[in-house]
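# Breakdown of the fold
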Amino acid sequence: MNPGRSPRSLVLRGGLLVTQDPERRVVRGDLRIEDGRITSVGSRAEAAEEEIDASGFALVPGFVNTHTHVAMSLLRGIADDRELAGFLETLFAVDAHRTEADVEVGARAGIAEMLLSGTTSFLDLYYFEDAVARAVESLGVRGFLGWAVLDPELTTQKGVPVENARAFIGRWKDRPRVSPLVAPQGVYVCGKETWLAARDVAERAGTLVHYHLSETRKEVHDHLEKTGRRPVVWLEEIGFLGPSSVAAHAVWLTGEEIETLARRKVGIAHCASSNLKLASGGVAPVVELRAAGATVGLGTDSVASNNSLSMLREMHIAGLVQKNQRWDATVLSAQELLDMATIDGARLVGRAEDLGSLEVGKQADFSMFRLDHPTLLPARPEAIVSHLAYSAAEEAIDSVYVGGVPVVRHRALTHGDWNKIRQEGESAADALWSSRPK
Ligand SMILES: [Zn+2]
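Keep in mind the model is a prediction, meaning the values are calculated, not measured. (Residues numbered from 1 in each chain as written. Predicted model: local features only at pLDDT ≥ 70, side-chain atom pairs only at ≥ 80, totals over all residues. Heavy atoms only, no water.)

Moving on: the pattern of salt bridges. Any two side chains of opposite charge can pair, given that their charged atoms come close. Inspection of every chain in the model, using the stated rule, returns 34 salt bridges. Notably, a salt bridge pairs Glu 236 with Arg 263, separated by 3.8 Å at the nearest N-O pair. On the criterion of sequence distance, the pair formed by Glu 236 in helix H7 (residues 231-237) and Arg 263 in helix H8 (residues 255-263) is long-range, its members being 27 residues apart. Between Arg 290 and Asp 344 there is a salt bridge, with the nearest N and O atoms lying 3.3 Å from each other. Residue Arg 290 is found in helix H10 (residues 286-291), and its partner Asp 344 is found in helix H13 (residues 343-348); the two are separated by 54 residues along the sequence. Assessed through its relative accessible area of 23%, Arg 290 is described here as partly exposed. Overall, the relative accessible area of 7% leaves Asp 344 in the buried class. Look at the salt bridges and you will find they share partners, linking Arg 8, Arg 32, Glu 34 and Asp 35 into a network. (Salt bridge = Lys/Arg side-chain N within 4 Å of Asp/Glu carboxyl O. Helix = DSSP H or I, 4+ residues; strand = E, 2+ residues; numbered from the N terminus. Buried < 20%, exposed > 50% of the residue type's maximum accessible area, 1.4 Å probe, protein only.)

Have a look at this one:
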């Protein structure tokens, strides 16, 4: 069999299955897959075209990273330890020199990092998303790709950004791995017309809308000064807020704004590491959002502000921050953190019926964690969820499957050559790093 080709039927025998099903069962047993979908979970499965002994592994649903700018992987470390204003100044200066070719190189490197750390789906916000879409298809991940939209007079894009987004969606819809969408950047660069045009594009095409929201106090205060309203209140008044939308950050919210977001069924991508590193100051009200009924997923944001794309790190940090800030060790349990990284992320991108857990009928997107890795000791079923949330290292991941297709095997990509991706990344980074302001 070719490496990376999907067998029509596959059985993984005797693994520790972290199902993330409605009962959150962890069971020892078989996982059977046919044509990329799961056909049995836990019970003794009939023979298949390919059989794998999974007895030394935990099988865990693929992570859904709900906020990234994946092509920025070439900019890791370029603007560390700066205030947000200085950070953005450097990034905007470098961004102006980006080409579609280096966006594709950066996206391939970022996707490789995600696959090797167990992420099988991601929600992206950037431009030149055709290049990101090509990288998604070549490496076999699932990409929910948002074309960045801002007011026409503020953009370096050719043409009107919202029309570019509409055209991008037209070019990439109905693909198995790529879900195109529209992504207004934030209230600081999008006026009412742009927000409503983006909403209109999404509704007509049946896609998600993804955007940054209330990340910093400055953003909230500037918007209050300009419009007399806080961002969430203003977005509600102009008629933008609604389902099928995912807001990244949502750090600076009032109780009323939390209620509004939950009532409007806005999904939240919580980006704990990025907020901490850029010193957003507050801590996103994740507990209140969840209590109000909002769905909250986890996002890494870009490696310029994280500096990792690991969802394992993100679960760990998100949990610790909420506990410490609230003087309450009981909030955001390991199980809740794993939920946010898997099934809630799937819900956020509108694919809960298809992704985010190991259940019959769903896509076979999962990772195999080595149970003999030091960070998983003791490898007891009752401790596995805790290990995933708090201790598991990326190196414990041996193999990763998307739709029943192995995309990582024994820590190597099956659809790409890491050495080639790395070399292309290094040379594209040379050009970008030389364009940064001194
Ligand atoms: Zn972001």
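The protein atoms that coordinate the zinc ion are His 67 (NE2), His 69 (NE2), His 212 (NE2) and Asp 301 (OD), at distances spanning 2.1 to 2.4 Å. Classification of the site at the zinc ion as irregular follows from its four donor atoms and the range of 81 to 176° in their angles at the metal. When the donor residues of the zinc ion are listed from N- to C-terminus, their spacing reads H-x1-H-x142-H-x88-D. Note that His 212 is positioned in strand E10 (residues 209-213) and Asp 301 in the loop between strand E13 (296-298) and helix H11 (311-326), a separation of 89 residues in sequence. Since its relative accessible area comes to 5%, Asp 301 is described here as buried. (Donors = N, O, S within 2.8 Å, 3.2 Å for Na, K, Ca; no water. Tetrahedral: all angles 85-135°; square planar, octahedral: opposite > 155°, others 65-115°.)

The subject of this paragraph is the nonpolar core. In globular proteins that are soluble, nonpolar side chains generally tend to be buried together. One finds Ile 111 and Phe 369 to be the most contacted residues of the largest nonpolar core, which totals 110 residues. When sequence neighbours within four positions are dropped, the list of residues in contact with Phe 369 reads Gly 56, Phe 57, Ala 58, Val 60, Phe 63, Leu 312, Leu 376, Leu 388, Ala 392, Ala 396 and Ile 397. (Core = buried A, V, L, I, M, F, W, Y, C linked by side-chain atoms within 4.5 Å. Contact = heavy atoms within 4.5 Å.)

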